[in-house]
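Chain and residue survey
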Amino acid sequence: MKKHKILQAQIPMRWVGPLKITGSTMDEKISIPLATYETPLWHSVGRGARLSTLTEGIFATVVDERMSRSILLEADNAQQALQALQSIKTRMSELNDIVSKSSRFAKLIDINAQIVGNLLYLRLEFLTGDASGHNMVTNAADQLFPWLLQQYPYLRYSSISANYCSDKKATAVNGILGRGKNVVTEIIISRDLCRRKLNTTPEKMIDLNIKKNLIGTMIAGGLRSANAHYANMLLAFYLATGQDAANIIEGSQGVVHAEMRDDDLYFSCTIPNLIVGTVGNGKGIEFVEENLTKLGCKEARDSGENARRLAVICAAGVLCGELSLLAAQTNPGELMQAHIDLERT
């Protein structure tokens, strides 16, 4: 078979910001790279970023982190599947001994399971250091399979990936259990700043969030999602930092919550499936390495800290874009006029 030369696709990229981010992971102002063909996104995220510098900042919390790989085993019947599951869950130390042979960074932290007939679905959940962990968890699962089949001879191999992971699919299980980093970002904006910088009011923002993001998504049949356009910011950031862009499918799941705090607007974005890494496939490209270095995500830190920092920066960018778009949509004609002005001139 003929091998074709590897080329690079040229996608417009711009640094936007700075954003002001606070919290236990970082406390600083920082600009972010966004690679996108939808160039008004730079201006929209930029508006949210400028606003963040006029407040106490975007407070970011990493609630949880894990990368999952589900494997599928078969038994003769459900009773055998249950018997194996109950035993497997008591042997985490032995399982981790096997996992450690596949990677010095992978650590099995939990097992979730479903039994369907005689089928045993095991969702293995790992810490993966600074890597997003797709290949790491698959390799770990691959090493576990022979041991499981030896220890439980009444089980049979079915698949190394059983869709209960659930990789690059918008599923309820990912929204509930999380896949990648679960990050919450929050900001408090005064009424005056809402009026001067967003051309809206706290009440309009809260009302539209309920009617558009919550009710609108519900009647559309959305799956554990209530946001305007997480995917826009995620894709632009993923492309600029060497991430697996297909992970915006589960990454776009998430909830925007807004409420009044005295006379101010409280605005938050929860992203339970933020899959990013600072090492691994896609990171060796020159512009990616430059961007990660500029973001301060290639430092000599404890395992996992660079990836958590990257996740927090990404999540803050998502909030900036979400805030700006929702504000624009409280005003008739503003959204389309922005696209006309920025894309058609």
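For the structure, check the block above.
Notes on the structure in this doc start here. Here the structure is a predicted model, which is why all the values come from computation and not from measurement.

With that settled, consider the pattern of salt bridges. Two side chains of opposite charge can pair, provided their charged atoms sit close to one another. Enumeration over the complete set of coordinates arrives at 21 salt bridges. The closest approach of N and O atoms between Arg179 and Glu250, which form a salt bridge, is 3.0 Å. Here Arg179, found in the loop between helix H5 (172-177) and strand E7 (180-189), pairs with Glu250, found in helix H9 (residues 248-251); they are 71 residues apart in sequence, far enough to count as distant. For Arg179, a relative accessible area of 0% gives the class buried. Accessibility expressed as a relative area gives 0% for Glu250, which makes it buried.

Enumeration according to the criterion identifies two aromatic pairs in this entry. Above the plane of the ring of Tyr266 lies Arg261, whose end atom (NZ or CZ) is 4.1 Å from the centre. Sitting over the face of the ring of Trp15, Lys294 holds its NZ or CZ atom 4.2 Å from the ring centroid.

It is worth spelling out unusual backbone geometry at this point. Here Gly17 and Pro18 are connected by a cis peptide whose omega angle stands at 10 degrees. Cis geometry is found at the peptide bond from Cys165 to Ser166, where omega equals 5 degrees. Note that Ser166 resides in the loop between strand E6 (156-159) and H5. Unusually for a residue other than glycine, Lys168 sits at a positive phi of about 60 degrees. Its location among the elements puts Lys168 in the loop between E6 and H5. On the accessibility criterion, Lys168 (24% relative accessible area) is partly exposed. A positive phi angle is found at Asp262, which is not glycine, with a value near 60 degrees. By secondary structure assignment, the location of Asp262 is in the loop between strand E8 (255-261) and strand E9 (264-274). Judged by relative accessible area, Asp262 falls into the exposed class, the value being 79%.

What follows concerns the pairing of strand E1 (residues 13-22). Looking at chain direction, E1 and strand E2 (residues 28-35) are connected through seven bridges and run antiparallel. The partner of Leu19 across the bridge, within E2, is Ile30. Connecting E1 to the antiparallel partner E2 that follows it, the hairpin turn spans five residues, and Gly23 within it adopts a positive phi of roughly 135 degrees. In terms of strand pairing, E1 meets strand E3 (residues 58-74) through two bridges, oriented parallel. Residue pairing across strands places Ile21 opposite Ile58, the latter belonging to E3.

With that out of the way, let us pick up the state of the cysteines. With the rule as written, the count across this model stands at zero disulfides. Here Cys297 stays unpaired: no disulfide links it, and the sulfur of Cys314, its closest cysteine neighbor, is 10 Å away. Cys320 forms no disulfide, and the closest cysteine sulfur to it belongs to Cys269, at a distance of 9.1 Å. On the accessibility criterion, Cys320 (0% relative accessible area) is buried.

Turning to empty space enclosed by the protein, a few remarks are in order. Enumeration according to the criterion identifies one cavity of 30 Å³ or more in this entry. Along the wall of the largest cavity there are 13 residues; nearest its centre are Arg66, Thr128, Ser132, Gly180 and Lys181. Broken down by secondary-structure element, the contributors of at least two residues to the lining of the largest cavity are E3, strand E5 (119-127) and E7. A total of three residues in the lining of the largest cavity trace back to one element, the largest contributor, which is E3. For the lining of the largest cavity, the per-class residue count stands at seven nonpolar, three polar and three charged.

Take helix H6 (residues 191-198) next. Among the residues making up H6, those that are buried are Leu193, Cys194 and Leu198. When H6 is viewed along its axis, its buried side chains cluster within an angular range of 105 degrees and face the same direction. Elements in contact with the buried residues of H6: helix H1 (40-53), E7, helix H7 (202-220), E9 and helix H11 (305-328).

Summarising the element assignment, Thr241 is placed in the loop between helix H8 (230-240) and H9. According to the relative accessible area criterion, Thr241 is buried, its value standing at 0%.

Residues of H8 that are buried include every one of Tyr230, Met233, Leu234, Ala236, Phe237, Tyr238 and Ala240, and no others. Looking one or two residues past H8, Gly242 carries a phi angle of roughly 75 degrees, positive in sign.

Right, let's talk about the nonpolar core for a bit. Grouped together as the largest cluster of nonpolar side chains are 85 residues, with contacts concentrated most on Phe267 and Leu274. Ranked by residues supplied to this core, first place goes to H11 with 13 residues. In contact with Leu274, other than residues within four places in its own chain, are Arg179, Gly180, Lys181, Val183, Leu234, Tyr238, Ala311, Cys314 and Ala315. With five residues, the next largest nonpolar core counts Tyr121, Ala162, Tyr164 and Val173 among its residues.

What follows covers the packing of H8 against H11. Where H8 contacts H11, the axes come no closer than 9 Å and their chain directions differ by 140 degrees. Taken together, H8 and H11 sit at an angle that is classed as oblique. With respect to the hand of their crossing, H8 and H11 are arranged in right-handed fashion. When H8 is examined against H11, the residues Tyr230, Met233, Leu234, Phe237 and Tyr238 are found in contact with a partner set consisting of Leu310, Ile313, Cys314, Gly317, Val318, Gly321 and Glu322. Considering only residue class, the contact of H8 with H11 consists of nine nonpolar, two polar and one charged.

Reading the values: rules and limits
- In this numbering scheme, every chain counts its residues from 1 along its sequence in written order.
- The predicted origin of the model limits local features to residues at a pLDDT of at least 70 and limits the giving and counting of side-chain atom pairs to 80 or more, whereas totals for whole chains, interfaces and linings rest on all residues.
- Only heavy atoms go into the side-chain values, all of them from the structure, while hydrogens and water stay out.
- One speaks of a salt bridge when a side-chain nitrogen belonging to Lys or Arg is within 4 Å of a carboxyl oxygen belonging to Asp or Glu.
- Strands here are runs of E lasting at least two residues and helices are runs of H or I lasting at least four, both read from the DSSP assignment and numbered beginning at the N terminus.
- Remark: exposure states derive from per-residue accessible area (1.4 Å probe, protein chains only) relative to the maximum for the residue type, with buried under 20%, exposed over 50%, and partly exposed in between.
- Aromatic pairs are defined between Phe, Tyr and Trp rings, using the six-membered ring for Trp, whenever the two ring centres lie within 6.5 Å; interplanar angles under 30 degrees are classed as stacked, those over 60 as edge-to-face, and all others as tilted.
- To sit over a ring, a charge needs its Lys NZ or Arg CZ within 6 Å of the ring centre and within 35 degrees of the ring normal.
- Note: two strands are recorded as paired if DSSP finds a minimum of 2 bridges between them.
- When two cysteine sulfur atoms are found within 2.5 Å, that pair is recorded as a disulfide.
- For cavity detection a 1 Å grid was placed over the protein atoms alone, and a set of points counts as a cavity when a 1.4 Å probe fits there but cannot get out; an open set counts as a pocket when protein lies on both sides within 12 Å along at least five of seven lines, with lining residues being those that have an atom within 4 Å of a point.
- Grid points are joined across faces, edges and corners, and a volume is the space filled by probe spheres set on the points.
- Each residue receives one of three labels: charged for Asp, Glu, Lys and Arg, nonpolar for Ala, Val, Leu, Ile, Met, Phe, Trp, Tyr, Cys and Pro, and polar for the others, Gly being one of them.
- What the arc describes is the spread of directions from the helix axis to the C-beta atoms.
- Residue contacts are counted whenever heavy atoms from the two residues lie within 4.5 Å of one another.
- Residues enter a nonpolar core if they are buried and are Ala, Val, Leu, Ile, Met, Phe, Trp, Tyr or Cys, with the set joined through side-chain atoms within 4.5 Å.
- Here an axis means a line fitted to C-alpha atoms, over the contact stretch when the element is a helix, while the angle between two N-to-C directions is reported on a 0 to 180 degree scale.
- Angles below 35 degrees are treated as roughly parallel, those above 145 as roughly antiparallel, those between 65 and 115 as roughly perpendicular, and all remaining angles as oblique.
- We call a crossing left-handed when the near helix sits turned anticlockwise from the far one by less than a right angle, and right-handed when that turn is clockwise.

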